[in-house]
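So the chains spell out like this:
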Amino acid sequence: SALSRHVLNHQLLRLGVASFPDKGLSVYEESENIFNHFWANNIDEISREYAGTSVLKGDFTRTGELNVQGMISDATNSVARVYQNTFMTSSDWSRSTTSWDRP
């Protein structure tokens, strides 16, 4: 996240879109929120491909805060990962991830 944020800030400076080289996106609150949600959604998809569940601590990535709903989601995802890794064979897991409907 930090590397991609740095690269994006550098690109925006070179294009003349951003005018605060030391602060970058943090000056533009809405842009910062868009970046955080885009990054979290992207990493969620990668996590679903490799671990079968959404990323842990995704609420923190999106909002910068930990909350109870996020902790419950992390616990649910952790239990799902333990189940998948313990009881499902790789072919079972592959079939289940391709048949799940994801938003």
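Every chain's residues receive numbers from 1 upward, in the order its sequence appears when written. It should be noted that, the model being predicted, local features are given only for residues of pLDDT at least 70 and side-chain atom pairs only at 80 or more, the latter also being counted only at that level, while totals for whole chains, interfaces and linings use all residues. Heavy atoms throughout the structure, all of them, feed into the side-chain values; hydrogens and water do not.

The chain has the name SAC domain-containing protein in an unreviewed UniProt entry, where Linnemannia gamsii is given as its organism.

Asks: Break down the overall build of the chain for me, with residues and values.
Replies: Numbering of helices and strands runs from the N terminus, with a helix taken as a DSSP run of H or I at least four residues long and a strand as a DSSP run of E at least two residues long. When you go through the chain residue by residue, the secondary structure sums to five helices and zero strands. The classification of residues rests on relative accessible area computed with a 1.4 Å probe and restricted to protein chains. Under 20% of the type maximum is buried, over 50% is exposed, and intermediate values are partly exposed. Looking at the chain as a whole, 22% of its 103 residues are labelled buried. Pairs of residues are marked as contacts when any of their non-hydrogen atoms sit within 4.5 Å. Across the chain, the fraction of contacts at a sequence separation of at least 24, relative to all contacts at a separation of at least 6, is 41%.

Asks: Outline the packing of helix α1 (residues 2–15) against helix α2 (residues 29–51), listing residues and values.
Replies: Axis geometry follows a simple rule: fit a line to the C-alpha atoms, using only the stretch in contact for helices, then measure angles between N-to-C directions, giving values from 0 to 180 degrees. Taken N-terminus to C-terminus, the directions of α1 and α2 make an angle of 135 degrees; their axes are 12 Å apart at the nearest point. Relative to α2, the element α1 is oriented oblique. The interaxial crossing formed by α1 with α2 has right-handed handedness. Residues Ser-4, Arg-5 and Leu-8 of α1 form the contact with α2, whose participating residues are Glu-32, Phe-35, Asn-36 and Trp-39. Among the residues making up the contact of α1 with α2, the classes are represented as three nonpolar, two polar and two charged. Here the angle decides the label: under 35 degrees means roughly parallel, over 145 means roughly antiparallel, 65 to 115 means roughly perpendicular, and every other value means oblique. Throughout, a crossing is termed right-handed when the near helix is turned clockwise from the far one, and left-handed when it is turned anticlockwise from it by less than a right angle. Classification convention: Asp, Glu, Lys, Arg as charged; Ala, Val, Leu, Ile, Met, Phe, Trp, Tyr, Cys, Pro as nonpolar; all other residues, Gly among them, as polar.

Asks: How would you explain the packing of aromatic side chains if you had to name every residue and give the values?
Replies: The rule is short: rings of Phe, Tyr and Trp, with Trp giving its six-membered ring, pair when the centres are within 6.5 Å, and they are stacked under 30 degrees, edge-to-face over 60, tilted in between. Applying the stated criterion to the full structure yields two aromatic pairs. Taking the centre distance of 6.3 Å and the plane angle of 15 degrees together, the rings of Phe-35 and Trp-39 count as stacked. Within this pair, Phe-35 and its partner Trp-39 are both found in helix α2, separated by four residues, close to a single helical turn. Taken together, a centroid distance of 5.5 Å and an interplanar angle of 40 degrees make the contact between Tyr-83 and Phe-87 tilted. In this pair, Tyr-83 and Phe-87 both sit in helix α4 (residues 68–87), four residues apart, roughly one turn of the helix. On the accessibility criterion, Phe-87 (60% relative accessible area) is exposed.

Asks: Account for the layout of surface pockets, naming residues and giving values.
Replies: Size it by volume and the largest pocket reaches roughly 160 Å³. Buriedness for pockets is judged along seven lines, at least five of which must meet protein on both sides within 12 Å for an open set on the 1 Å grid over protein atoms alone, while cavities are sets there where a 1.4 Å probe fits but cannot get out, and lining residues have an atom within 4 Å of a point. Lining the largest pocket are 13 residues, with Val-55, Gly-58, Asp-59, Arg-62 and Ser-73 positioned closest to its centre. When residues of the lining of the largest pocket are traced back to their parent elements, those giving at least two are α3 (58–63) and α4. With five residues, the top contributor of residues to the lining of the largest pocket is α4. Each residue belonging to the lining of the largest pocket can be placed in one class, and the counts come to one nonpolar, seven polar and five charged. Grid points are joined across faces, edges and corners, and a volume is the space filled by probe spheres set on the points.

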